[in-house]
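Survey of secondary and tertiary structure
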Amino acid sequence: MRRMFHQPTRRRIVSFAALGLLASLAIGLFNRKSVSASSTGPSFVEFESGPVRPVAISPDGNTLFSVNIPNGTLEAYSLTSGMPVFQYRVPVGLEPVAVAARTNTEVWVTNQLSDSVSVVTLTGTPHVVRTLLVGDEPRDIVFAGNPVRAFITTAHRGQQRTDPSIASVPGAGDPQMTTPGIPRADVWVFDPSNLGTTMGGTPLTIMSFFTDTPRALAVSPDKNTVYVAGFKTGNQTTTIFQQRICPGFQPYKPCTLPDGTVSPGGNPGPPTDSIGEPAPEVGLIVKYNNSDGHWEDELQRVWDNSVRFTLPDTDVFAVDANALTQTAKFAHVGTTLFNMATNPVTGTLYVSNTDAINNVRFEGPGIFGGHTVQGHLAEARITVISGSTVAPRHLNKHIDYTKLAGSAGFDSTAKDHSLSMPLDIAVTADGKTLYVAAFGSSKIGVFDTSSIENDTFNPVTASANYIPVSGGGVSGLVLDQARGLLYAMTRFDNSLKVINLKASQEVAGFPMPNPEPDSVIEGRPMLYDATRFSGNGEAACASCHIFGDMDDLAWDLGNPDNSVTKSPIPINFGNLIPLLIATDLTGLVTPLNGSNNPADFHPMKGPFTTQTLRGLANSGAMHWRGDRSTGFFGTAPFDSNLAFMNFIVAFQSLVGSVYQPSQGQMQSFADFQLQVVPPPNPVRSLDNSLTASQQRGQAFHSGTRPSDGIVSPILDQAFGQSSFTCAGCHVLNSANGQFGTGGNQSFEGIPQVLKIPHLRNLYAKIGMFGDPAVGVDDSATDSGFLGDQIRGFGFRGDGATDTLFRFFNASVFDPTSTVGFPQNNPDGTRRDVEQFMLAFDSDLAPVVGQQVTLTSANAASVGPRIGLLIERASAPFVSKVLNGSVMECDLVAQVVQNGRVLGFLYDPAAGNFIPADGSPRVSDSALRALAATPGQEVTYTAATPGSGLRVASSH
C-alpha cells in the first residue's frame, strides 16, 4: 500500500479508510465462529504508552523508519526520490515506542507492553528474525562501543529478569523489590553479532543504576560513551507524617515527639478555609536543601528528625560502552526526564525534562492561602551537561507565574512563545542548531545550541523560529540534512510529518494505520494540549499525569478559597464513627476531617500522591478521598464518568486556563481516558500462578478472618458491619472490574476519611525505604537511618509510608484473638500479603504482550515458551474491560510465506492456527516446522483478547 504525501490540512481519512478495509478483509478471511472463544474482547485496547524514539533513519540515509504505537508495526519509507514514499510495514510487538537502525539491513524496535525487542531484517522480505526478551517496559535503544553493543533501558523488574535461561548473566535475578537501597533502573546489553540460542537472547550483562525506571539513552560522538537517564526521578521531596507535626496549626511552637526528638511546630495553615471551616490536620511536603543539607518546608523549618533516608537525586549516568562500567553520574537534572541528545561536535549532552513545583501548596487563586501552583506545575526545560556541570535551562522563562490567568497584568500572549512537555531532541551535524519536540504545544522549538548552553535565549524572540506542526503531539524528530528536511512524529493523529528546514514549514504528512477508536483520538489532546487548555502554554493535565500515569510525587492541592462539600459515598465503619468520636476512641488527637463530620470533604485536603489515570472506568469516584463524586456536573457515589467530568474545575484552578472547557470537551476527555487500561502485572508469573508466599497472602486477603475493626455482633446489629476482611474493603471482582476498590470510603484511624484505592500498580511505587515510628503505624519500629534511596514517596494516600510491610503494621491491623493479622507469626503473614499485593490481579493476564521468535537454531529453548503461550490462549479469563469472559490472550503467529508476512490466529477450540489469507488451517507442529528454513522465523505474540483478528492482519 503506497502512500503518496498529502497536504498538512488533510487528516486521518486515508489511514482510517485503509484500516476499515483491512478489518473487513480480515473478518471475511477468518472463520469467525470457530475462533469466537478467543475473540470476544475488544479489537483494540488503549494503553497510552509514551513515544521515546519513534523515528529513525538508516545509516545510508535512504530509508526512514517510524514505529506505529497503536498498530504494533514498524513503518518504512524510501527517501531516494527526495520525499518519503511508503515501502512496507512489519508487525513487531505491542506498543512499540523506539526504533534504531543498526545497519542498512537491520533495525531494532523496543516494544513497551511486550517487554521485548524486535530484531528486524530488511534483507528479502522484511520481518522479525529474533525477539529479545528483556525487563519490564523497555523504552529506548542505542548502539555503541567497539565492538558494537546494543543498550536497552528497562525497569528493574519483569518476569524475564528471573528466567532460568539467563541465570548466569551478570545482573540478572531477583529484583529485590522489598530491599532498601537497590538501584531501580536497568540497561540490558547485548552483542548484536551473537545473541545466543537461549529463548529470549542472552545479554552480556544487565547494568543497574541508582535512579528510578529509566527511559532515554544517548551516545557520545565517538560512540564510546552511553548516557542513561531515569524517567520519573523525583526532586528530593517527601511527605512528613501528620503524626510528626505538632497539633494545632501553630507553626512556630515546637513539641517533643514520642521518640524524644523535637518537631519544629505545627502545620503552616491556614487553620480554616476562607469562610472559617476548620481544616483537618494533614502531612507536609518538604524538600531537601542542598545548600545547607537539611529537609525544609516553605517556612524553612528543619524536619531532619522525621526523615530516615537521603535522596541523592542522581538522574543521568555515563557508561563506558566498551568496558561496560559506570564512569560518571549527574544529579539534579530534572524531575521527569524525557529524551537526550549529544552535540555531534562538542559532545555536550542535552536532556529534555520538566521540573515539578510540588513543594508549593495549594491550587486555586491563592488569595486566602497566600500562594498557589496554578499554572506553575512543572517547568519545561533542557538541561545542559558539559563535563561535570549540570545547567538547567528553563524554556519558558518569559512566563510571569505571579500573574494568574485572567488576572490583572496577565499576559495572554505568553502562550504563543511557550513550549510544553519537551520530548525528542535533534542537533545538526555542525552542532549549532537544536530542535526539540514540544509534545503539548504542536510545535518544534528551534535554538542556537550556544544560546541554550549559555542561557542567553529569549523565548519571546526565539519563538519566531519555532515550527508549527499539524496533528498535535510532536514526539519524535530525525534530521535529514542532505535533503534539507526534518521528519517528525505526531502522536495525536498518528502521523509522520515532513518539515522543510529552509522554509521552517511543514510540507507533507503521512498518516499511519490507526486502530484506535475516534473517541480516543478526539479526546487525547485534552490531556496534553497546553496551548488550548492553559493560560501560559506550559501547564497541562499531563504535567503531573505523565502519559496519563503517575509522576511518582505527592502534591498538596488543597484550595483554601473553596468551601466544604459533602460526600455521597458509603463509608465502611461509617455508622460507628459517631460512637468512636463521642467516646474519644478514634485514636485521633484532632477532629476527623477537621469537623468530626465523616461526610465532609474539606477543601484543604493536604498532600496526596498523584494517582494514575489508567484503569479508572470501573473504579467509582476519583481522588484519594473520592471528592470528585460531587462537583460541577452533579453528585453520585460510584459514577466514574461523572467523577471524571467533575475534573473540569481543575482546568482553571490548577492548570490555569483562562476559559473552562465545554461539557462536550470534558465528555470527549472522559471518553478517551476511561478507555485507558493499566499494563499487565510484571511481577506475577506468566502462567498466572502465584508463588507459595503470594498464595498465602492471597488466602489471608480473601479469607474469613477480619483484618480491621471489632468483631461484635452487638455492634453489627446496632451500627452495621463493624469488622472487615482485607477483601471486604479491597474488593477483588474482575467481572465487575474491581481490583482492590469496591468504591466505598473507609475510616482507618487517620485524620481524613479516604476512598478505598485500587491495588493494581503497587509494584510501581517501590523505592522509598525508611520511616520513623508514628502513631498510626505504632506497631512498626523506627527503621533507623537507611541511607540513599530512590524515591521520596511510598504508600498510603500521602505517600508517607515507605513500604507495604510497614502499612500492614498500622494499629488498625494489630493482631488480637479475633481480628487483625494472625497472632501466630503476624510478620510472616504481613510479608506474604505484601508479596500478593505486588502481584495483584489486573484487567489483563500477565501473559498479554509476551512474545517469542522460533528460528532454525533455538527450537529446544523456545519450544516450551510456545507451549506456554498456547496454554494461556486456551485459559479462561474474566475481565470487565475485555467484555467479560475471554481467554487470557489471543495468540498470533507471523511468518514469511510467498514473499510476505502472513499472520495466523490460534483457535483454542480446534487446537490449530488459521491463516489470515484464507488458506487451510495449519497445526501447531506444521507452523513450528516452517522455522526450520532460514528466513521463515515464526514470531508468536500474546495479543489482547479480542484483538487477534486485527493483529494477525496488521501488516
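Residues numbered from 1 in each chain as written. Predicted model: local features only at pLDDT ≥ 70, side-chain atom pairs only at ≥ 80, totals over all residues. Heavy atoms only, no water.

**Some points on unusual backbone geometry**
Of note, the amide linkage connecting Asn146 to Pro147 takes the cis form, showing an omega dihedral of 5 degrees. With respect to the helices, strands and loops of the structure, Pro147 is situated in the loop between strand S9 (141-144) and strand S10 (149-155). Here the amide bond leading from Gly269 into Pro270 is cis, since omega sits at 10 degrees, within 30 degrees of zero. Among the structural elements, Pro270 can be located in the loop between strand S17 (262-263) and strand S18 (284-289). (Helix = DSSP H or I, 4+ residues; strand = E, 2+ residues; numbered from the N terminus.)

**Some remarks on the nonpolar core**
Of all hydrophobic cores here, the largest spans 44 residues; its most connected members are Met421, Leu527, Tyr528, Phe547, Met666 and Phe669. Those elements giving two or more residues to this core turn out to be helix H5 (525-528), strand S34 (554-556), helix H8 (640-645), helix H9 (650-653) and helix H10 (663-673). At four residues, the largest contribution of residues to this core is made by H10. Beyond its immediate stretch of four places on either side in the chain, Phe669 contacts Gly523, Met526, Leu527, Cys541, Phe644 and Phe651. In terms of nonpolar packing, the next biggest core, distinct from the first, is built from 36 residues, Val67, Val107, Val119 and Val120 among them. (Core = buried A, V, L, I, M, F, W, Y, C linked by side-chain atoms within 4.5 Å. Buried < 20%, exposed > 50% of the residue type's maximum accessible area, 1.4 Å probe, protein only. Contact = heavy atoms within 4.5 Å.)

**Topic: the confidence of the model for the protein chain**
Scored by pLDDT, the protein chain has a mean of 94; 95% of the residues are at 70 or more. Low pLDDT, under 50, characterises residues 1-38; the stretch is placed with 74 contacts to residues that sit more than four places away or in other chains. (pLDDT = per-residue confidence, 0-100.)

**Description of the packing of helix H11 (residues 692-702) against helix H15 (residues 826-838)**
Closest axis-to-axis distance for the H11/H15 pair is 7 Å, and the angle between their directions is 95 degrees. One way to sum up the angle between H11 and H15 is to call them roughly perpendicular. Across the interface between the two elements, Ser693, Gln694, Arg696, Gly697, Gln698, Phe700 and His701 of H11 pack against Thr829, Arg831, Asp832, Val833, Gln835, Phe836 and Met837 of H15. (Axes fitted to C-alpha atoms, helices over the stretch in contact; angles between N-to-C directions. Parallel < 35°, antiparallel > 145°, perpendicular 65-115°, else oblique.)

**As for the state of the cysteines**
For the coordinates displayed, the defined rule picks out one disulfide. A disulfide-free cysteine, Cys541 has its sulfur positioned 8.8 Å from the sulfur of Cys544, the nearest such atom. Judged by relative accessible area, Cys541 falls into the buried class, the value being 17%. For the unlinked cysteine Cys726, the closest cysteine sulfur is that of Cys729, found at 8.5 Å. (Disulfide = S-S within 2.5 Å.)

**Side note on the sheet that holds strand S52 (residues 912-915)**
Judged by pairing direction, the sheet is antiparallel, and its six strands sit side by side in the order S47-S54-S50-S51-S52-S53 without closing on themselves. Strands with a single pairing partner mark the edges of an open sheet, and in this sheet they are strand S47 (851-854) and strand S53 (922-923). Sheet topology note: the strand S50 (residues 890-897)/strand S54 (residues 938-943) ladder contains five bridges and is antiparallel. The residue bridging Gln894 from the neighbouring strand is Thr939, located in S54. Packing of helix H16 (residues 859-873) onto the sheet brings it into contact with S47, S50, strand S51 (900-907) and S54, and relative to S47 it is tilted by some 135 degrees. (Pairing = 2+ DSSP bridges.)

**Quick notes on the sheet that holds strand S23 (residues 349-356)**
With antiparallel pairing, the four strands of this open sheet are ordered in space as S22-S23-S24-S25. Taken across any chain shown, the strands that pair with only one partner, and hence form the sheet edges, are strand S22 (336-342) and strand S25 (389-394). Adjacent strand axes in the sheet meet at a mean angle of 25 degrees when their direction is disregarded. In terms of strand pairing, S22 meets S23 through six bridges, oriented antiparallel. When the sheet's bridge partners are listed, Asn339 is paired in S23 with Ser352.

**With respect to the packing of aromatic side chains**
Applying the stated criterion across every chain, the model contains 30 aromatic pairs. Here Phe439 and Tyr528 contribute two aromatic rings whose centre-to-centre distance is 4.8 Å and whose plane-to-plane angle is 90 degrees, an arrangement assigned as edge-to-face. A residue pair is termed long-range when its members are at least 10 positions apart, and Phe439 in the loop between strand S27 (433-438) and strand S28 (443-448) and Tyr528 in helix H5 qualify at 89 residues. The same class applies to Phe439 as to Tyr528, namely buried. (Phe/Tyr/Trp six-rings, centres within 6.5 Å; stacked < 30°, edge-to-face > 60°.)

**What to know about H15**
Taking 1.5 Å per residue as the helical rise, H15 with its 13 residues ought to reach 18 Å, and the 19 Å between its terminal C-alpha atoms agrees with that figure. Along H15, the positions that sit buried rather than exposed are Gly828, Thr829, Arg830, Asp832, Val833, Glu834, Phe836, Met837 and Leu838. As for H15, its buried residues are in contact with H11, strand S43 (732-733) and helix H14 (804-807). (Expected span 1.5 Å × (residues − 1).)

**Comments concerning the pairing of strand S8 (residues 127-133)**
Counting buried positions over the seven residues of S8 gives seven, a clear majority of the element. Where strand S7 (residues 116-121) lies against S8, six bridges are found, and the strand directions are antiparallel. Of the residues in S8, the one forming a bridge with Ser118 is Thr131.

**Focus on the pattern of salt bridges**
Per the counting criterion, the structure on display carries 41 salt bridges. Close ionic contact of Asp843 with Arg760 constitutes a salt bridge, the shortest N to O distance being 2.6 Å. One end of the pair, Asp843, is in the loop between H15 and S47; the other, Arg760, is in the loop between strand S46 (754-755) and H14, with 83 residues separating them in the sequence. Under the relative-accessibility criterion, Asp843 is labelled buried at 2%. Residue Asp917 is joined to Arg900 by a salt bridge in which the shortest nitrogen-to-oxygen separation is 3.2 Å. Highlighted residues: Asp917 in the loop between S52 and S53 and Arg900 in strand S51, separated in sequence by 17 residues. Within the structure, one salt-bridge network assembled from shared partners comprises Glu46, Glu48, Arg491, Glu516 and Arg524. (Salt bridge = Lys/Arg side-chain N within 4 Å of Asp/Glu carboxyl O.)

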